[in-house]
Amino acid sequence: MIQNIMPKSAVHKVRLEPVGIEMEVEEGETVLDAAFRQGISLMHGCKEGQCSACKCILTDGDVEMMKYSTFALSDPERETNHILLCRTLAYSDIEVELLSYDEDLLSRSIPVKDYAAHLTRIESLTQDIRLLEIEVEQPIKFWAGQYVDITLPGKGITRSFSMANPPSEQQRLRFIIKKYPQGAFSSELDGGLKVGDQVSIRGPYGTCFRREGREGPMLLVGGGSGMSPLLSILLDQAESGETRPVRFFYGARSKSDLFHLDLFADLAGRMPDFAFIPALSHAQDGDGWSGETGFIHDVVRRSLATLDEVHQADAYSCGPPPMIDAVLPVMQVAGVESDRIYFDKFTPATH
C-alpha cells in the first residue's frame, strides 16, 4: 500500500553565546519565537523588527531576514552580520553572539503559551483610557511588568498589552489601554466589544519586570497606558513585604487625565515608604491643582536630587518613546546604574 507521507519540517540548532545555551528552531519559525516556545527569555521588545532590543551578531550559519525597520537595524550593521532575532529564519545550524542579555531574565524564563479567555469588564477611567478585564480559562504565570498578545477572533486584530494586576492574580487579568482615534483594537472598547466576548491570549512576553530582593529605592516612571505594567510592579512590590522606598512618577496632561488616585492613597498608607508623584504638563487654571507641573522627566530630575542611595536604585519606565528617551539620561546622570534601568517603549502598531 502506498502511503502519502508529509515531509518533516527542517529543524536546526541555535547556539547562543556567550551564555552557552542551545535550542532548536523549526522551518518558518523566527529564532525569537523558538526561544519563547522553549522558555528561553532573550532580550526583546516589539517582536516586529522595529525596536532593536533583540539585535545580535550572526557568527556562523545561514539565515534569511524578514522585513524590518532600518531604524532597528541599519544597512551597515546588516553588512557586518548583525541580525534581529525576531526577524531571523534559520536555514542551517547557526551560532549567534548576544549583544545584551540578563542572567536574571534567563533564570526566570516562562514558556510562551496560548490561552482561551473572555471579557468580564470594560470601564472608562478617563476620556481616552479604558480598563479591560479578561478571565483566562487556565491560570497564566507571569512576572509583574510583563505583557501578552490579545487577539480578537473573527476580526484579525492582535495587539500587545501589559497586565495591570499582580502575578498573584493569574486567572483574571486587567489591562489599562489608551484609546486612539483610528486604533483598530482600542476603537472596539467603546461598544464593539462586550462582556462575555471570547478572545485569545498568547504570552507572557517582556523583560521589564520586577527584580526581587534588592536594596535601594524603586523608581517607577510612566505616562498614559504605561501605568499598566508599572501598577502590576507596584502591587507586586506591596504584596512582597519588602521595605525599600518606592517612588511612582506619572505624567499626564491635565487633572482629568489622572485615575486610580484612591488606590495610590491606600497603598501609601500600607507601604512603609511609598509616594505617588503625578505631574501635569498642561495644568488648567481653576482645577485646584497644587502638585507637580511640567514634563515628567524634569520632575524626576528634581526629585532624584533629594533621594538617598540613587546609585542602588532599580528604575522602570513605561510609556511613549519620547518620554522614555527623555527619562533615561536623567536617571543615568542622577547615578542610576545602566544595568538597573528597565524600560518598555509603547510603540504604535504597524498593522
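For the structure given in this document, a descriptive report is provided here. Quantities reported herein were computed from a predicted structural model and do not represent experimental measurements.

### Focus: the pairing of strand S14 (residues 218–223)
Moving on, step 1. Burial within S14 is extensive, with 6 of its 6 residues counted as buried.
Moving on, step 2. Because side chains alternate across S14, one face comprises the buried residues Met 218, Leu 220 and Gly 222, and the other comprises Leu 219, Val 221 and Gly 223, equally buried.
Moving on, step 3. The pairing of S14 with strand S15 (residues 246–252) spans 6 bridges and is classified as parallel. Paired with Met 218 across the strands is Val 246, a residue of S15.

### Re the pattern of salt bridges
Moving on, step 1. By the definition in use, this model includes 28 salt bridges.
Moving on, step 2. Measuring nitrogen to oxygen at the nearest pair gives 3.2 Å for the salt bridge that ties Arg 108 to Glu 212. Placement of the pair is Arg 108 in the loop between helix H3 (103–107) and strand S8 (113–124) and Glu 212 in the loop between strand S13 (198–205) and S14, with a sequence separation of 104 residues.
Moving on, step 3. Its relative accessible area of 41% is what places Glu 212 among the partly exposed residues.
Moving on, step 4. Close ionic contact of Asp 298 with Arg 301 constitutes a salt bridge, the shortest N to O distance being 2.6 Å. On the criterion of helical spacing, the pair formed by Asp 298 and Arg 301 is a turn pair, its members being 3 residues apart in helix H6 (residues 296–304).
Moving on, step 5. Note on Asp 298: relative accessible area 26%, which makes it partly exposed.
Moving on, step 6. Taken together, the salt bridges that share partners define one network made up of Arg 108, Arg 210, Glu 212, Asp 236 and Glu 242.

### Topic: the pairing of strand S1 (residues 11–17)
Moving on, step 1. Alternating positions in S1 separate cleanly, His 12, Val 14 and Leu 16 being buried on one face and Val 11, Lys 13, Arg 15 and Glu 17 remaining unburied on the opposite face.
Moving on, step 2. Pairing geometry for S1 and strand S2 (residues 21–26), over 6 bridges, is antiparallel. Along S2, the bridge assignment pairs Lys 13 with Glu 24.
Moving on, step 3. Between S1 and S2, which pair antiparallel in sequence order, lie 3 residues; one of them, Gly 20, sits at a positive phi of approximately 70°.
Moving on, step 4. Relative to strand S7 (residues 94–98), S1 runs parallel, the two being bridged by 4 bridges. From the neighbouring strand, Val 14 faces S7, where its bridge partner is Ile 94.

### What to know about the sheet that holds strand S9 (residues 129–136)
Moving on, step 1. Strand order in this open sheet of 6 strands is S11-S10-S13-S8-S9-S12, and the pairing throughout is antiparallel. Each edge of the open sheet is held by one strand with a lone partner, namely strand S11 (157–162) and strand S12 (172–178). Between one strand and the next, the sheet's axes are offset by a mean angle of 35°, whatever the strand orientation.
Moving on, step 2. Of the strand pairs in this sheet, strand S10 (residues 147–152) and S11 are connected by 6 bridges, and their pairing is antiparallel.

### Some words on the side chain of Thr 120
Moving on, step 1. By the secondary structure assignment, Thr 120 is in strand S8.
Moving on, step 2. Within the structure, the side chain of Thr 120 is placed 2.8 Å from the side chain of Glu 133, a separation counted as a polar contact.
Moving on, step 3. Discounting chain neighbours no more than four positions away, the residues touching Thr 120 are Glu 133, Ile 134, Glu 135, Arg 172 and Val 195.

### Here we look at helix H4 (residues 227–240)
Moving on, step 1. In this model H4 runs 20 Å from its N-terminal to its C-terminal C-alpha over 14 residues, within 8% of the 20 Å that 1.5 Å per residue would give.
Moving on, step 2. Taken across its 14 residues, H4 has 11 buried, putting it largely inside the fold.
Moving on, step 3. Along H4, the residues that are buried comprise Met 227, Ser 228, Pro 229, Leu 230, Leu 231, Ser 232, Ile 233, Leu 234, Leu 235, Asp 236 and Gln 237.
Moving on, step 4. One or two steps after H4, the chain reaches Gly 241, where phi turns positive at roughly 85°.

### Section: the sheet that holds S14
Moving on, step 1. Ordered in space as S17-S16-S15-S14-S18-S19, the 6 strands form an open sheet in which the pairing is parallel. Two strands close off the open sheet at either side, each with one partner strand: strand S17 (292–293) and strand S19 (341–345).
Moving on, step 2. Bridging between strand S16 (residues 274–280) and S17 involves 2 bridges; their strand directions are parallel. By the bridge assignment for S17, Ala 279 is matched with Glu 292.
Moving on, step 3. Most of the contacts of H6 go to S15, to which it runs at about 155°, and overall it touches S14, S15, S16 and S17.

### Description of the packing of aromatic side chains
Moving on, step 1. Tallied over the full model, the rule gives 10 aromatic pairs.
Moving on, step 2. Ring geometry for Phe 248 and Phe 276: centres 5.4 Å apart, planes at 90°, overall edge-to-face. Here the residue Phe 248 occupies a position in strand S15, and Phe 276 occupies one in strand S16, the gap between them amounting to 28 residues.
Moving on, step 3. Here a set of aromatic residues connected by ring pairs shows up, and it is made of Phe 248, Tyr 250, Phe 259, Phe 264 and Phe 276.
Moving on, step 4. Lying across the ring of Trp 143, Arg 108 places its NZ or CZ 4.0 Å from the centre.
Moving on, step 5. Taking the ring centre of Tyr 342 as reference, the NZ or CZ of Arg 211 above it sits at 4.1 Å.

### Overview of the environment of Phe 259
Moving on, step 1. With respect to the helices, strands and loops of the structure, Phe 259 is situated in the loop between S15 and helix H5 (261–270).
Moving on, step 2. Take Phe 259: its relative accessible area is 5%, and that puts it in the buried class.
Moving on, step 3. Considered as a pair, Phe 259 and Thr 126 are 133 residues apart in the sequence and their alpha carbons are 7.1 Å apart.
Moving on, step 4. Apart from the residues within four sequence positions on either side, Phe 259 is in contact with Leu 125, Thr 126, Ile 129, Ile 176, Met 227, Tyr 250 and Phe 264.

The rules we used
- Residues numbered from 1 in each chain as written.
- Predicted model: local features only at pLDDT ≥ 70, side-chain atom pairs only at ≥ 80, totals over all residues.
- Heavy atoms only, no water.
- Buried < 20%, exposed > 50% of the residue type's maximum accessible area, 1.4 Å probe, protein only.
- Helix = DSSP H or I, 4+ residues; strand = E, 2+ residues; numbered from the N terminus.
- Pairing = 2+ DSSP bridges.
- Salt bridge = Lys/Arg side-chain N within 4 Å of Asp/Glu carboxyl O.
- Axes fitted to C-alpha atoms, helices over the stretch in contact; angles between N-to-C directions.
- Polar contact = N/O pair within 3.5 Å; in protein donor to acceptor, adjacent residues only side chain to side chain.
- Contact = heavy atoms within 4.5 Å.
- Expected span 1.5 Å × (residues − 1).
- Phe/Tyr/Trp six-rings, centres within 6.5 Å; stacked < 30°, edge-to-face > 60°.
- Lys NZ or Arg CZ within 6 Å of the ring centre and 35° of its normal.

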